[in-house]
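# Observations on the model geometry
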Amino acid sequence: MAEYILLRHRDIPNIKDIGVYQEHGGFEAFRKAVTEMAPGDVTAEVKKSGLRGRGGAGFPTGMKWAFMDNRNWPHYVIANGDESEPGTFKDREIMEHNPFQFLEGVAIASYAVGANRAYVYLRGEFWHIAKWLDQKIAEMEAAGFLGDNLFGTDYSLRIYTHLGAGAYICGEETALMESLEGKRGQPRLRPPFPPSYGLYGKPTVINNVETLTNVPMIIARGADWYRTYGTEKSPGVKLFSLSGRVNKPGNYELPLGTTFRELIFEHGGGIIDGKKIKAIMPAGASSSLLPATDEVLDTPMDYESVPKMGGMLGSASVIVLDETVSIAWLVKKTVNFFRHESCGKCTPCREGTYWMERLTGRIASGEGALQDVETLYSVAKQIQGKTFCPLGEFSTMAVVTGIERFREDFDALVKAEASE
Amino acid sequence: MTDTVTLTIDGQQITVPAGLTVVDAARRAGVEIPVFCYHPKMEPVGMCRMCLVEIGRPMRDRATGEFLREEDGSVKIQWGRKLETACTARVSEGMVVRTTTEQVAEARKSVLEFLLTSHPLDCPVCDKGGECSLQNLTVAYGPETTRFYYEDKEHAPKHVPLGDLIILDRERCIKCGRCIRFQSEIAGDPVLTFYQRGHHTDVTTFSDPPFDSYWSGNTTDICPVGALTTVDFRFGARPWEMRPAASICTLCPVGCNITFNVRREAAAGGKMVIKRVLPRQNEQVNEIWVCDKGRFAGYHFAESEDRLTQPLVRKHGELTPVSWEEALETAARGLEAARGKALTLAGGRLSNEDLFNLARLTDALDGVKALDTFMAGGDLTAQFGLGEGSNLADLGKGDTIVVIASDLEEEAPLWWLRVKQASERGATLIVANPRFTKIERYADYAFLYPYGREAETVCAFLDEGCSCGGEAVQAVADADRLVVFYGQEGMGLAGSRALAAAVARLLVKTGHAGKVGSGMVGVWPRANDQGAWDMGFRPQNGLAAALAAAQAVLVAGADPAGDDPALAAALDKANFVVVQELFLTETARKADVVFPAQAFTERSGTYTNGELRVQRFYPAVPAAPETAPDFAIAARLGERLGVALEANSPAAIMRQIAEAVPNYAGVTYEALAEVSEQYPLIGRDDLYYSGAAYENTQGLGVALKPAAREGDIAAPEAPTAPEIPADGLRAVPVTRLYDRGALVSRSATLQPRLPVGAFVALHPAEAQRLGLEDGATATLELNGGAYAVTVRLNPQAPEGVVLVPRSVGVPVVEVASCELRLAVGD
Amino acid sequence: MSSLAEKYPDEVQAILAKYPADQKRSAVMALLYLAQRDNGGYVTKAAMEDVGNIVGITANEVAGVVGFYSLYHDKPAGKYRLQVCTDVACALRGAVQFVEELCDNLGIKTGETTPDGLITVEEVKCLAACDHAPVFQVQTADGLTYHQDMNVKATLELIEQWRKEETS
Ligand SMILES: Cc1cc2nc3c(=O)[nH]c(=O)nc-3n(C[C@H](O)[C@H](O)[C@H](O)COP(=O)(O)O)c2cc1C
Ligand code: SF4
Ligand code: FES
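Residues numbered from 1 in each chain as written. Chains lettered and ligands numbered in written order. Predicted model: local features only at pLDDT ≥ 70, side-chain atom pairs only at ≥ 80, totals over all residues. Heavy atoms only, no water.

## Considering the domain arrangement of chain A
All names here are of chain A. Operational definition: Note that the domain bounds were set by an automatic or database domain assignment. Only heavy atoms matter for contacts: two residues are in contact if any of them lie within 4.5 Å across the pair. Two parts lose some accessible area (1.4 Å probe) when they are put together, and adding that loss for both gives the buried area. The rule for a salt bridge is simple: a side-chain nitrogen of Lys or Arg has to be within 4 Å of a carboxyl oxygen of Asp or Glu. Whenever a nitrogen or oxygen atom comes within 3.5 Å of another N or O atom, the pair is scored as a polar contact, on the condition that within protein one atom can donate a hydrogen and the other can accept it, and that pairs from neighbouring residues in sequence are kept only if both atoms are in side chains.
The domain architecture assigned to chain A consists of domain 1 (8-226), domain 2 (237-322) and domain 3 (327-418). Distance between the C-alpha centres of domain 1 and domain 3: 36 Å. The partner domain 3 presents ten residues to the ten residues of domain 1 that form the contact. A buried area of about 880 Å², summed over both sides, lies between domain 1 and domain 3, and 73% of it is on carbon and sulfur atoms. Where domain 1 packs against domain 3, one counts zero salt bridges. Remark: the boundary between domain 1 and domain 3 carries three residue pairs in polar contact (both at pLDDT 80 or more).

Listed below in structure tokens is the structure:
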């Protein structure tokens, strides 16, 4: 790619210094928004850019901002830096290396929705990033980019970090708000949705870190420029966190619509030891398992094409599995994750993940029977459509698609009859 | 927008109030939607997923807002992609709900199967067996067999005491959160919490003492499984072995409707015994709740070993068992001799029927009708009370509630709850107390006044220039409905008389007197103090002197000698004493004749609660041998003294009351037994919905018509508050829910929560001044007596006072100077 | 035990200042980290009470929070909690073998603490560093640090260094 849009530190190594950031046009977009644009115009520009949420659901960002209830104040903006989906590590790189662009995105979003207070919610493990961002926020305050009467207008904004404490569910937006309110991080009933009832019961925009990091460039260079990247329905660039059995794991910033093949074989350097690729999890542990057929490998990674293959793009955390990996083992791993992270609020997820953990444990250890695979499949199916939030649903994806698409891996491990 | 919506549930059209959940709407249509976490008294949370149904909503044209139609003209319905939780979905116009489809059946079966994976399946030994929602719903909708390997089950402790009263079985818990939500949303005591997360989620308590709440028992009613049980009923009986008996709790002036569960028990020598207390629904009184005192101490006294079961007559200085005939003769002779100089001292735990007969008897003797109480104002509450047409549950925006001189949760727990709820619904709550109590948390305006300024504080609300905040004064003046609770804190007869008069004046002057929904409520120390006033009994200033001077004293339902050494000494001087009692109290010990009375669990009768609602109780167990109800004892004495009183039928006595006492006109036992539809529709067959509380089938009671409603609204004279010591260290009487009163202290269950000995509470700074530490033993000198007390620190206590709880060993009636010092040798 | 508010007035104020004045409860999470720091890496019931008092909620409500999140601890463990990611992506890159070898070298099993009370090895879920497996974080009373692209030898050297710091 000619130029990085998100991982600009790869072009400009010291962009984490406020001076360097400013030299490269830093905060000009924020200045432009606050001094030259009405809040509604900012939202309109983002809408026009076609930017979609990078946190997983791909919801159009500008549309979300426009939903804010203007009869109820104050408004809040939250940056979702929970980044806990296994296989996802993109927001961390942004915040560690290109923090100002991200914070500028938070600032512009806040201006667009009339928020004077924004929070960056970070997973508890990002202890060092919290400290780091606190320092960067202080630098912005000192330089007059945060605080009262910004750029001589009556707009004021403060940004604060809030550290979680180890709970994947807090990436879910309403659980995150509960956590930010100092409660157990369990999801809330929806509706009402955050733009009408969010943090402290007030209208709130919540966006992923990567989503927000796009915003300064969109405002600086315009929606039309942004749309020159990516596809018609999935415009722009995306960070792909590539991990698993590849030679060069890491983050890759590529236009939406890049194929799996290009990501894995060109950028990722192919499979370790030249082994055969077996399957792809395009969206971390909550992915469906896609068999690595040519058709799948040549699928463009965007919000429309991946579902056609029976998966989701999600946060684009591409975990690669090769022929050495047993899908029965893999499913045990993902189920174990979700059992550990289930918040316990709703029955199907709380009990279902526990049951699946027992079954996948039996199967993967070679103690299972054929009938256990059947039960596992039906338990996963039985969870679907009944949980309070998507986490429960997530827990079933690898199980169901694993058994449907890689049945032989399970059959190879189990006995025909139950031993009891 | 209309206030009702019409929807279709399983093909049946029904019109219900807007805002209802689909579960509640279905219930009104007679369609059962099973639930676990939903409870009609709490905000829905949608956690358990048991109530999943198919919900469709009519499609509208975006532009016109009109319904879109199918070709056949029917409204086009948009069905959800997934099932929805009927407990969180609110009804809307044209909604279509399907609960009988295969998809719904599959969802129910699945959720039950999930719940059972973690469940121990120990129904045969579970207390909830037979009234367990999980068991019942599994039979109705669940899988026949389990596919979960038993050896994969995680085991958890089965006996986890959550405090002294409630035991948790962790394996049985289905994590519906009802108990936790009840404690934080309804009881206002967030002392339970979920600990850990996911499959390891547990219910625990971190309060000190554990599960520190007066409401804990209710959690066992609403727990849908056998996870929470009470220590008194745990392993006590199987639900189907017991029969229900409707009753009224007699421990405070609220008059909660309850049900006794009764069975014949080998361990009790084949006697019928009460196994437990459950709430009985009365949405106007206690909804479906009771406090722990009512639940755990409401009846044990009636079953205690030391009940009197024979009449006694003093012979050669000794109380000696005699026949009823002999006792009645002796008593009648003694009373007859005192004609014109007799005094009857009755307690507010007697029924209206008892009090009516006793009053007639006393009148026949030309005697004094004395009420054993320290609180006045019953004549004014009869005039300006709540009564007919009012219901605390109706209070909300625009209405104002004043609580004065009352630690409401300690004195009348259910009223505390209902006042809190009214405040949450938007009623303005004004609290004036000498110290902060739990009710202030919910107050819009809270005032602190010094002890002795109760009446003055109320009068200030009439005085434009008052210092108590113009907004609060305005809220009183402008209230659509004004309800004033006045209590007992720090006051004796003179103080409470002045306060009651001030409250009555406030109602009259602000134009609220006689208005439906408005009125004053006395937070009486006893359950039927109001009835006692209505039947003509009055507290006596200088009771000791009156007792000492009486030729004959008839004491019923009271123990003056046990309460106060001064009264004991006075009784010693009385010439002739007759006592009707359950136990051989201090007073009975001094009597010349003692009659064994019947407990309220053994007979019929009525009480009039503080809101002027007359309620009926029914016999639950056979009477103890040789006992008689108080009204019958009075009647049999009357027979010998030439006054005809009804001796057998309390219903007949009520007919006489209705004729004789104007407020009671029209009250009959039949009317008291009437019921009408109450929402939510709770019931015994489907415990899953609201828990184990009983549906009310035996009477919601009758609300009296207070005199002011009839136009009798002359304001009482401006009150003059009594002089009380204003400086120096003062002892102040306060009321605690858990005291050592005669009835409560006979409950073994509640023992761990009752105070062990006499104690006093004071502010830490005051304690420091006096050189006393928390827990120290001190000597309290008061009214010429000296008492050993334990010192407890209480930051809410005002400085300069010693809070002395009533009925825990130190007789104290009103504010009095005192001394407190470290006990010698401590 | 004196209150955190007395011991660290500035820090407590700074934490509270992050949230609207009527939303003090939000400060619970940060205060719990402070309480853990103050108490050698775990929170006691008294600390929950204290934190509750600062923000105006009950110890129970605080406990609910402590129990929910995996980075709060209600029991003591080693001074260094060495938390290795063995989640899907890391497991595909040798994390499981790494933990096993490390534990063998330390003579403990995962979840256990070395006899000198210094190190507890724990397996944790994804740390958002899947491209740097094996990776672990070290949680001490003072906070967390990441160690990426590790191997057993480098880890043992790190531990050796801690041991030295401990004895000096
Ligand atoms: C279980 C669960 C975990 C999630 N974790 C994250 C996360 O770690 N980071 C994130 O940005 N969004 C996460 N999301 C998505 C958020 O709920 C939300 O959709 C997102 O923050 C919105 O931002 P976006 O529109 O910019 O994507 C998660 C959702 C679920 C259901
Ligand atoms: S699906 Fe249910 S238990 Fe699972 S995380 Fe969501 S709400 Fe919690
Ligand atoms: S799987 Fe280990 S850091 Fe992501």
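## Considerations on unusual backbone geometry
We apply this condition: A run of DSSP states H or I qualifies as a helix once it reaches four residues; a run of E qualifies as a strand once it reaches two. Both are numbered from the N-terminal end.
Residue D208 of chain B is joined to P209 of chain B through a cis peptide bond whose omega torsion reads -5°. With respect to the secondary-structure elements, P209 of chain B resides in the loop between β10 (202-205) and α5 (216-222). With an omega of -10°, the peptide bond running from A133 of chain C to P134 of chain C counts as cis. In this fold, P134 of chain C is placed in the loop between β2 (119-124) and β3 (136-140). A positive phi angle is found at A316 of chain A, which is not glycine, with a value near 60°. Here A316 of chain A is to be found in the loop between α13 (305-308) and β9 (317-322). Positioned with a positive phi, R49 of chain B is a non-glycine residue whose angle comes to about 70°. Relative to the helices and strands, R49 of chain B resides in the loop between α1 (22-28) and β3 (52-58).

## Side note on the nonpolar core
Going by this rule: Side-chain atoms within 4.5 Å link the members of a nonpolar core, which is a set of buried Ala, Val, Leu, Ile, Met, Phe, Trp, Tyr and Cys residues. For every residue, the accessible area obtained with a 1.4 Å probe (protein chains only) is divided by the maximum for its type, and the residue is called buried under 20%, exposed over 50%, and partly exposed between those limits.
Counting 219 residues, the largest nonpolar core has F260, F485 and F595 of chain B as the members making the most contacts within it. Broken down by element, this core gets its largest block of residues, ten residues, from helix α14 (residues 493-509) of chain B. M68, I137, I159 and C170 of chain A belong to the second largest nonpolar core, which has 137 residues in total.

## Examining the site of ligand 1
Residues and elements named next belong to chain A. Here is the rule: The near set for a molecule or strand comprises every residue that places at least one heavy atom within 4 Å of it. Per-residue and other accessible areas follow the Shrake-Rupley method at a 1.4 Å probe size, with only the shown protein chains counted as cover for residues. Ten residue types, Ala, Val, Leu, Ile, Met, Phe, Trp, Tyr, Cys and Pro, are classed as nonpolar, four, Asp, Glu, Lys and Arg, as charged, and the remainder, Gly among them, as polar.
Taken together, 19 residues sit near ligand 1, with G55, N80, N207, N208 and T211 positioned nearest. In the model, an oxygen atom of ligand 1 is placed 3.0 Å from a nitrogen or oxygen of the E173 main chain. The separation between an oxygen atom of ligand 1 and a polar side-chain atom of T211 is 2.7 Å. Taking 600 Å² as the accessible area of ligand 1 by itself, protein coverage stands at 91%. When residues of the shell around ligand 1 are traced back to their parent elements, those giving at least two are β4 (204-208) and α17 (390-405). Its residues assigned to classes, the shell around ligand 1 comprises five nonpolar, eight polar and six charged. Split by domain, the shell around ligand 1 shows at least three residues from each of two domains, domain 1 (8-226) and domain 3 (327-418).

## Focus on the environment of A546 of chain B
All names here are of chain B. Mapped onto the elements, A546 comes out in helix α16 (residues 543-549). Judged by its relative accessible area of 23%, A546 is partly exposed. Note: C-alpha distance between A546 and V368 (178 residues apart in sequence) is 9.2 Å.

## Describing the interface of chain B and chain A
Across the boundary between the two partners, chain B contributes 35 residues, which contact 35 residues of chain A. Roughly 3,100 Å² of surface becomes buried between chain B and chain A when both sides are summed, with 51% attributable to carbon and sulfur atoms. The interface formed by chain B and chain A includes five salt bridges. Its salt-bridge partner being R362 of chain A, residue E151 of chain B comes within 3.2 Å of it at the nearest N-O pair. Here chain B is connected to chain A by 26 residue pairs in polar contact (both at pLDDT 80 or more). Residue classes in the side of chain B that touches chain A are distributed as 14 nonpolar, ten polar and eleven charged.

## Focus: the pairing of strand β9 (residues 192-195) of chain B
Residues and elements named next belong to chain B. Put simply, the rule reads: Two strands are counted as paired when DSSP detects at least two bridges linking them.
Of the two faces of β9, the one holding L192 and F194 and the one holding T193 and Y195 are both buried throughout. Bridge count between β9 and β10: four bridges; the pairing is antiparallel. Residue pairing in the sheet places T193 in a bridge with T204 of β10. Connecting the antiparallel pair β9 and β10 is a turn made up of six residues, with Q196 showing a positive phi of about 60°.

## Some remarks on the interface of chain A and chain C
Between chain A and chain C, the residue contacts involve 59 residues of the former and 39 residues of the latter. For the pair chain A and chain C, the two sides together bury roughly 3,800 Å², of which 60% comes from carbon and sulfur. Here chain A and chain C share zero salt bridges between them. On the surface where chain A and chain C come into contact, there are 23 residue pairs in polar contact (both at pLDDT 80 or more). Sorting the residues of the side of chain A that touches chain C by element identifies β2 (115-122), α7 (127-142), β3 (158-163), α8 (173-180), β5 (237-244), β6 (250-255), β9 and α14 (327-341) of chain A as the ones contributing at least two each. Sort the elements by how many residues they give to the side of chain A that touches chain C and α14 of chain A lands first, with eight residues. A breakdown of the residues in the side of chain A that touches chain C according to their chemical character gives 25 nonpolar, 21 polar and 13 charged.

## Regarding the packing of aromatic side chains
The condition that has to hold: Paired rings are identified among Phe, Tyr and Trp, the last through its six-membered ring, by centres lying within 6.5 Å, and are further divided according to the angle between planes into stacked (under 30 degrees), edge-to-face (over 60) and tilted (the rest). Here, a charge over a ring is recorded when the distance from Lys NZ or Arg CZ to the ring centre is within 6 Å and its angle to the ring normal is within 35 degrees.
With the rule as written, the count across this model stands at 40 aromatic pairs over all chains. Residues Y21 of chain A and F27 of chain A carry aromatic rings whose centres are separated by 5.0 Å and whose planes lie at 80° to one another, so their mutual orientation is edge-to-face. Exposure class is identical for Y21 of chain A and F27 of chain A. Each is buried. Aromatic pair Y354 of chain A and F148 of chain B: ring centres 5.5 Å apart, planes at 35°, arrangement tilted. Linking Y354 of chain A in helix α15 (residues 347-364) with F148 of chain B in the loop between α3 (133-141) and β7 (160-162), this pair reaches from one chain into another. One residue, R221 of chain A, lies across the ring of W225 of chain A, its end atom 5.0 Å from the ring centre. Positioned over the ring face of F233 of chain B is R276 of chain B, at 4.3 Å from the centre of the ring.

## Focus: the site of ligand 2
Ligand 2 sits among 13 residues. The nearest are C343, C346, C349, C389 and G392 of chain A. Its residues assigned to classes, the shell around ligand 2 shows eight nonpolar, four polar and one charged.

## What about the sheet that holds strand β1 (residues 75-81) of chain A?
Residues and elements named next belong to chain A. Here is the rule we go by: The angle between two axes is taken between their N-to-C directions and runs from 0 to 180 degrees, where each axis is a line fitted to C-alpha atoms and a helix contributes only its stretch in contact.
Taking strand neighbours across the sheet as the criterion, the four strands line up as β3-β2-β1-β4 in an open arrangement whose pairing is parallel. The strands lining the two open edges of the sheet, one partner per strand, are β3 and β4. Each neighbouring strand pair of the sheet contributes to a mean axis angle of 20°, computed without reference to strand direction. Pairing between β2 and β3: six bridges, direction parallel. When the sheet's bridge partners are listed, Y119 is paired in β3 with Y160. Packed onto the sheet, helix α9 (residues 209-221) meets β1 and β4 and runs at close to 95° relative to β4.

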